[in-house]
Amino acid sequence: MRVRVLPDEASAVALVADRLCEILAAKPDSVLGLATGGTMEPLYAELVTRFRSGHVSFAQAKSFNLDEYVGMGPDHPQSYHHFMQRRFFDHVDFQPGANHLPDGASPDPAQAADAYEASIRDAGGIDLQILGIGRNGHIGFNEPHGSLCSRTRVETLAPSTREANQRFFSEDQTPPRQAVTVGLATIMDARRVILLATGQDKNWAVHAALEGPVSTRTPASVLQTHPDATIVLDRMAASALEFEDRHALA
Ligand code: F6R
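What comes next is a walk through the structure.

Definitions and cut-offs
The residue count restarts for each chain, going from 1 along the sequence in the order it is written. With the structure being a predicted model, the display of local features is reserved for residues of pLDDT at least 70 and the display and counting of side-chain atom pairs for 80 or more, all residues being used for whole-chain, interface and lining totals. Side-chain numbers come from the whole structure's heavy atoms, not from hydrogens or water. The term nonpolar core refers to a set of buried residues drawn from Ala, Val, Leu, Ile, Met, Phe, Trp, Tyr and Cys, joined through side-chain atoms within 4.5 Å. Whether a residue is buried, partly exposed or exposed follows from its accessible area with a 1.4 Å probe, protein chains only, as a fraction of its type maximum: under 20%, in between, or over 50%, in that order. Each helix is a run of H or I in the DSSP string that is no shorter than four residues. Each strand is a run of E no shorter than two, and both are numbered from the N terminus. Whether two residues are in contact is decided by their heavy atoms, any of which lying within 4.5 Å being enough. Take a side-chain nitrogen of Lys or Arg and a carboxyl oxygen of Asp or Glu: if they are within 4 Å of each other, that pair is a salt bridge. One heavy atom within 4 Å of a molecule or strand is enough for the residue carrying it to be called near that molecule or strand. Polar contact is the term for a pair of N or O atoms within 3.5 Å; when the atoms are in protein, one must be able to donate a hydrogen and the other to accept it, and sequence-neighboring residues count only if both atoms are side-chain atoms. The protein chains shown are the only cover counted for residues, whose accessible areas, like all others here, come from Shrake-Rupley with a 1.4 Å probe. To estimate how far a helix should extend, the number of its residues minus one is multiplied by 1.5 Å. This arc describes the spread of directions from the helix axis toward the C-beta atoms. When DSSP finds at least two bridges between two strands, those strands are taken to pair.

1. Structural notes on the nonpolar core
Core analysis: the biggest nonpolar cluster contains 73 residues, and Phe58, Phe88 and Leu233 have the highest contact counts within it. It is helix H1 (residues 9–26) that provides the largest number of residues to this core, a total of nine residues. Beyond its immediate stretch of four places on either side in the chain, Phe88 contacts Leu34, Tyr44, Leu47, Val48, Phe58, Phe83 and Phe94.

2. Focus: the pattern of salt bridges
A full pass over the atoms with the stated rule returns 12 salt bridges. Taking the shortest distance from any N to any O, the salt bridge between Glu117 and Arg151 comes out at 3.2 Å. With Glu117 in helix H4 (residues 109–122) and Arg151 in the loop between strand S6 (128–131) and strand S7 (153–156), this pair connects stretches of sequence that are 34 residues apart. What makes Arg151 partly exposed here is its relative accessible area of 35%.

3. So, the site of the ligand
In the region of the ligand, 16 residues are neighbours, and Thr39, Asp67, His138, Gly140 and Lys202 sit closest. One nitrogen or oxygen atom from the side chain of His138 is found 2.7 Å from an oxygen atom belonging to the ligand. Within the side chain of Arg167, one N or O atom sits 2.8 Å away from an oxygen atom of the ligand. In isolation the ligand offers 410 Å² of accessible surface; the protein chains occlude 94% of this area.

4. Some points on the environment of Phe141
For Phe141, the location among the structural elements is in the loop between S6 and S7. Residue Phe141 is classed as buried on the basis of its relative accessible area, which comes to 3%. Each C-alpha atom of the pair Phe141 and His55 lies 32 Å from the other, and the pair is 86 residues apart in sequence. Setting aside residues no more than four positions away along its own chain, Phe141 makes contact with Asp67, Tyr69, Tyr80, Glu155, Leu157, Thr161, Asn165, Ala179 and Thr181.

5. Quick word on helix H2 (residues 40–52)
For H2, which comprises 13 residues, the first-to-last C-alpha distance of 18 Å matches the rise-based estimate of 18 Å (1.5 Å per residue) to within 8%. Turning to H2, its buried residues number three or more, namely Met40, Leu43, Tyr44, Leu47, Val48 and Arg50. Within H2, the buried residues cover an arc of 165° as seen down the axis, which keeps them to one side. Where H2 is buried, its residues touch H1, strand S2 (31–34), helix H3 (80–87), S6 and strand S9 (192–197). Count one or two residues on from H2 and you reach Gly54, which has phi positive near 80°.

6. Focus: the pairing of S6
Residues Leu128 and Ile130 of S6 are buried on one face, and the alternating residues Gln129 and Leu131, pointing to the opposite face, are buried as well. Here two bridges tie S2 to S6, and the two strands are oriented parallel to one another. Considered in S6, the bridge of Leu32 is made with Leu128. Here S6 runs beside S9; their pairing, made up of four bridges, is parallel. Within S9, the position partnered with Leu131 by the bridge is Leu195.

7. As for H1
Under the 1.5 Å per step criterion, the end-to-end length of H1 is 26 Å for 18 residues, consistent within 8% with the ideal 26 Å. The complete set of buried residues in H1 reads Ala12, Val13, Leu15, Val16, Ala17, Leu20, Cys21, Ile23 and Leu24. Buried-residue contacts for H1 involve strand S1 (2–6), S2, H2, S6, S9 and strand S10 (229–234).

8. Remarks on the sheet that holds strand S5 (residues 99–100)
What the seven strands build is an open sheet, ordered S1-S10-S9-S6-S2-S3-S5; its pairing is parallel. Of all strands in the sheet, those bounded by a partner on one side alone are S1 and S5. As paired strands, S2 and strand S3 (residues 62–65) are joined by four bridges and run parallel to one another. By the bridge assignment for S3, Leu32 is matched with Ser63.

Shown next, in the form of structure tokens:
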């Protein structure tokens, strides 16, 4: 696992965008694993800027997002389908049908999860998986104390995750209790993984994931055993690392 600590959010985001663009330049038909959430908003904005200035094309790429809330159709303003469409897909040149998210609105979400796992396999697996991290150490919606070898499935969200995501919902709405999420084993199958974490509120999770034991208590800690994982942090997200000198500023 490589760790890069950047001075601020903008430079951390730029480093992840650089890597993604390099990978697409080397393999234009890459299969990208994508995440949503606040951390990803500046990354998608940066990629849209680079696309508009002709520095990257997604025309041959495919994407698979990590998760979607159960019970939310693609048109729901808080759905991850909607997030991805509005923040990214509408502004770049993916071909129609190239972008995939789990079907949270399916009458049988468990079956939809199995079908999603199969569609990732059929696409040849993920070349580059982009991840954020929850304050409780989750990746995707793989919450603490699940299985380290899980596949795409329906997961019940931890109260702390629903609380953290309340900021995306209006006062009279609460986040759904369940999501379909790609599993940890599916994430570990990705040929390359880049986790981006920014801001002080991620520092405990980053410390536990990078310096704690590999444990279901901190799902992101499983990345310690991935053969090609890069963790990109700003100073605030790195601020609880005990061995910060091992992770010199990039
Ligand atoms: C969402 C996802 C989650 C988020 C995590 C951090 O697709 O995969 O694991 O990355 O909850 O969310 P933010 O960036 O909003 O703090």
